[in-house]
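For reference, the chains in residue letters:
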Amino acid sequence: MMITGIASLGLATLVSAAPLALAALGGLATEAACSLSIGLEGAMLVGAFSSAAVGATAGLGGGLASGTAAGAALCLLAGAAAIGLGADVFVAGLAANLLAPGIVSVISQAAFGTKGVLPAPAIRAGQGLILLVLVLAIILLVIILAKSVFGLRLRAAGEGGEVAEAAGIHGSRYRLSAHLIAGASAGLAGACLASGIGAYAPGMTTGRGWIALVAVFLGARRCSGVIAASLLLGLLFALSNIAQGFWSGASGAELVQALPYAATAFAFVAWGLGDFRKRGRT
Amino acid sequence: MNAPAPRAGVMAWSRVLALGAAILIAIIYAFVASSDPREAMKAFFLSPFSSDYTFFSMLEYSGPLLICALGACVAFRAGAFNLGGEGQVSVGTLAAALAAGISSRLGLDPGLGIAFSILTAAAAGAFLAYLSAIAELKTGAQVMLTSFLVSQTALIVVDWAVGGPLREEGSNLLGMAPIDSVYRLPLLAPPSPLSLGFPLALALAALTILFTKGSRQGMEIRLLGKNPSFAWAVGISPKLGAAAMVLSGAMGGMAGSLLVLGQAGRAVKGMTGGVGWNGLAVALISGTDGLGAVPAALFFAWLDSGSKQASILSDLSPDASSVLVAIALFLITARRRGRR
């Protein structure tokens, strides 16, 4: 009884943590290039919508691919405005986040005649399969960021702009590809969310893209740290889901939904407190 | 990278150009998406002016929007990215409704009661922003993320309270009991929803501009946002940035009180409806100097009411306005090369 309880909590944690970790690693790519993309939330949303819209006819594979592409396109747009045209990278990311729900609603209205829930039973997949896709994507991203020459150059482009230029690394190209990676991974994460319920619903990402950004900072800007932070935040989501089922029908059940946000804020501040003390000592 | 900043006039023109481009995109969108583009375009651009009612509704909506935008401007000026506008508005609605209830129980003078509601709402929004401001000051946790997280939490709690324990008994509506009509803002052109909230918002805009442009603290806040290390060197405390954040939250709360004390006359579940995020967009489009926020808020209110009308009268989407504004935002920010 106890063991099955722990096992199911563990599985629920993984299911919540995996999309967070993937999006957060995408965010980490841009943070490593010193050009943090805050458009993850928007990219997850367009990824979820696009996977349901395309996947309804093209199936799971097509859905996931189109979700990835849509997220990548959105973040690339923001990245291009920031890097190519000199916009503030935060403002461009924010514009992407503001654009996402609007454009999804407009396209949904024009193509499907609804701005509400878009059912796509064709992309519905089991938890195991979705987890497998996410974990493979996470491993690929970790290899790219931590082990590949590309990842090294990305960090070089971020940390030492002039040195990197002298070494023949085009900083802007690397920063732009970091935005592409961030959008693609957030888009795939969103597509997996849609695939989990076999539908797109407005607002279904519920701030996960922002929480992924918290994971970037909580994880001290390292792949392993970001994954650990995502597992912690995923546990919060899992606990809140379980508590919601437990109290369903009770008068305060809705309040449980606030738990992940409040707890994430606490974790973020508490981590900052520790970090601040450490910096004070040295 | 140190290109000389373009003259203010040039910047203003580039903003107008970007908004013009957004309108052009709206026209193309109407042609592509609508089966009757002529009718759709007429509904989109002209319907807000078609009657007193629709025109005054548009003005009424622009009030809270303008206040949210001004709040966002103040925070941006100080270099604080306040993404919690939506939650700050939401606690403002709850606080204003509760305060109005207290006023009628105490039998306060109507003017005093309204002021009490607005100030309580401002205090509630300020408190929410204070949490993020103090967290950044003490621990370095980015305001951008904590303000969003705190705001999400507040939205859920307020929606629960308004639709749950505080809900009016026996009502079909998920909301609190209507507040006593004497404690609402007077309507200026009944039966339209235009209330005293709109002139109040304009007055607040004038005050904000005077503060940021004319006062010493306003200048120090701007300096803090532009160059934090220089500001530190000349002895400007980072606490001033926290104060700007709190002020920003107070404005969000005030915007919430206008929503409650205006036409609605009560706090309803989910009544913020994105006004905090839209205010943020308006602030960024207007260039965060406060002055531009007035025309930008009116412009947004026009697009918003136009797209809502067009969705009723034709087959366009009611959310077209937010797409147009985001596009305008891309165009505007992309023109700010070398200028932060």
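Residues numbered from 1 in each chain as written. Chains lettered and ligands numbered in written order. Predicted model: local features only at pLDDT ≥ 70, side-chain atom pairs only at ≥ 80, totals over all residues. Heavy atoms only, no water.

Draft legend 1. Here's a closer look at the packing of helix α2 (residues 40–83) of chain A against helix α7 (residues 171–197) of chain A. Residue and element names in this part refer to chain A. Relative to each other, α2 and α7 sit at 145 degrees, their axes nearing to 7 Å. Helix-helix and strand crossings are classified by hand; for α2 and α7 the assignment is right-handed. Of the residues belonging to the contact of α2 with α7, the class tally is 22 nonpolar, 13 polar and one charged. (Axes fitted to C-alpha atoms, helices over the stretch in contact; angles between N-to-C directions. Helix = DSSP H or I, 4+ residues; strand = E, 2+ residues; numbered from the N terminus. Left-handed = near helix turned anticlockwise from the far one by under 90°. Nonpolar A, V, L, I, M, F, W, Y, C, P; charged D, E, K, R; others polar.)

Draft legend 2. Quick peek at the pattern of salt bridges. Residues and elements named next belong to chain A. One pass over the full model with this rule turns up five salt bridges over all chains. Taking the shortest distance from any N to any O, the salt bridge between Glu31 and Arg221 comes out at 2.6 Å. Here Arg221 lies in the loop between α8 (208–218) and α9 (223–247) and Glu31 lies in helix α1 (residues 2–32), a separation of 190 residues in the sequence. (Salt bridge = Lys/Arg side-chain N within 4 Å of Asp/Glu carboxyl O.)

Draft legend 3. Layout of the environment of Gln257 of chain A. Residue and element names in this part refer to chain A. Residue placement: Gln257 occurs in the loop between α9 and α10 (259–281). For Gln257, a relative accessible area of 36% corresponds to the partly exposed category. For the pair formed by Gln257 and Gln244, sequence separation is 13 residues and the distance between their alpha carbons is 7.5 Å. (Buried < 20%, exposed > 50% of the residue type's maximum accessible area, 1.4 Å probe, protein only.)

Draft legend 4. How the structure looks around the packing of aromatic side chains. Taken as a whole, this structure holds 13 aromatic pairs over all chains when the rule is applied. Look at Phe148 of chain B and Trp277 of chain B: their rings are 6.3 Å apart centre to centre, the planes differ by 50 degrees, and that puts the pair in the tilted class. You can see Phe148 of chain B sitting in helix α6 (residues 143–163) and its partner Trp277 of chain B sitting in helix α11 (residues 275–286), a full 129 residues away along the chain. Accessibility expressed as a relative area gives 22% for Trp277 of chain B, which makes it partly exposed. Within the aromatic cluster, the residues linked to one another by ring pairs are Phe44, Phe45, Phe49, Phe55, Phe56, Phe299 and Trp302 of chain B. Of note, Arg208 of chain A hangs over the ring of Phe237 of chain A, and the distance from its end group to the ring centre comes to 4.8 Å. (Phe/Tyr/Trp six-rings, centres within 6.5 Å; stacked < 30°, edge-to-face > 60°. Lys NZ or Arg CZ within 6 Å of the ring centre and 35° of its normal.)

Draft legend 5. Spotlight on the interface of chain A and chain B. Across the contact, 44 residues belong to chain A and 40 residues belong to chain B. Of the roughly 3700 Å² buried at the junction of chain A and chain B (both faces included), carbon and sulfur atoms supply 78%. At the junction of chain A and chain B, the tally comes to one salt bridge. Across the salt bridge formed by Asp319 of chain B and Lys115 of chain A, the nearest N and O atoms sit 3.4 Å from each other. One can count three residue pairs in polar contact (both at pLDDT 80 or more) joining chain A with chain B. (Contact = heavy atoms within 4.5 Å. Buried area = accessible area lost by both parts, 1.4 Å probe. Polar contact = N/O pair within 3.5 Å; in protein donor to acceptor, adjacent residues only side chain to side chain.)

Draft legend 6. Seen up close, the packing of helix α4 (residues 85–106) of chain B against helix α10 (residues 239–264) of chain B. All names here are of chain B. It is at 7 Å that the axes of α4 and α10 come closest, and there the two elements cross at 55 degrees. As judged from the angle between their axes, α4 and α10 are oblique. Here α4 and α10 pass one another in a crossing that is right-handed. In contact with Gln88, Val89, Gly92, Thr93, Ala96 and Ala97 of α4, α10 contributes Met245, Ser248, Gly249, Gly252, Gly253, Ala255, Gly256, Ser257, Leu259 and Val260. When the residues that make up the contact of α4 with α10 are grouped by side-chain class, the tally is seven nonpolar, nine polar and no charged. (Parallel < 35°, antiparallel > 145°, perpendicular 65-115°, else oblique.)

Draft legend 7. Summary view of the nonpolar core. One finds Tyr200 of chain A together with Phe44 of chain B to be the most contacted residues of the largest nonpolar core, which totals 181 residues. Per element, the largest residue contribution to this core is 15 residues, and it comes from α2 of chain A. Counting seven residues, the second largest nonpolar core, distinct from the first, contains Ala75, Ala129, Ala133 and Val143 of chain B. (Core = buried A, V, L, I, M, F, W, Y, C linked by side-chain atoms within 4.5 Å.)

Draft legend 8. A nonpolar patch on the surface, seen in detail. On the surface, Leu129, Leu132, Val135, Leu136, Ile139 and Ile143 of chain A cluster together into a nonpolar patch covering about 530 Å² of accessible area. Structurally, the position occupied by Ile139 of chain A is in helix α4 (residues 127–147). (Patch = residues over 30% accessible without salt bridge, like charges linked within 9 Å, V, L, I, M, F, W, Y side chains within 5 Å. Areas by Shrake-Rupley, 256 points an atom, 1.4 Å probe, with all protein chains shown as cover.)

Everything listed here is a matter of geometry and, on its own, says nothing about what the molecule does.
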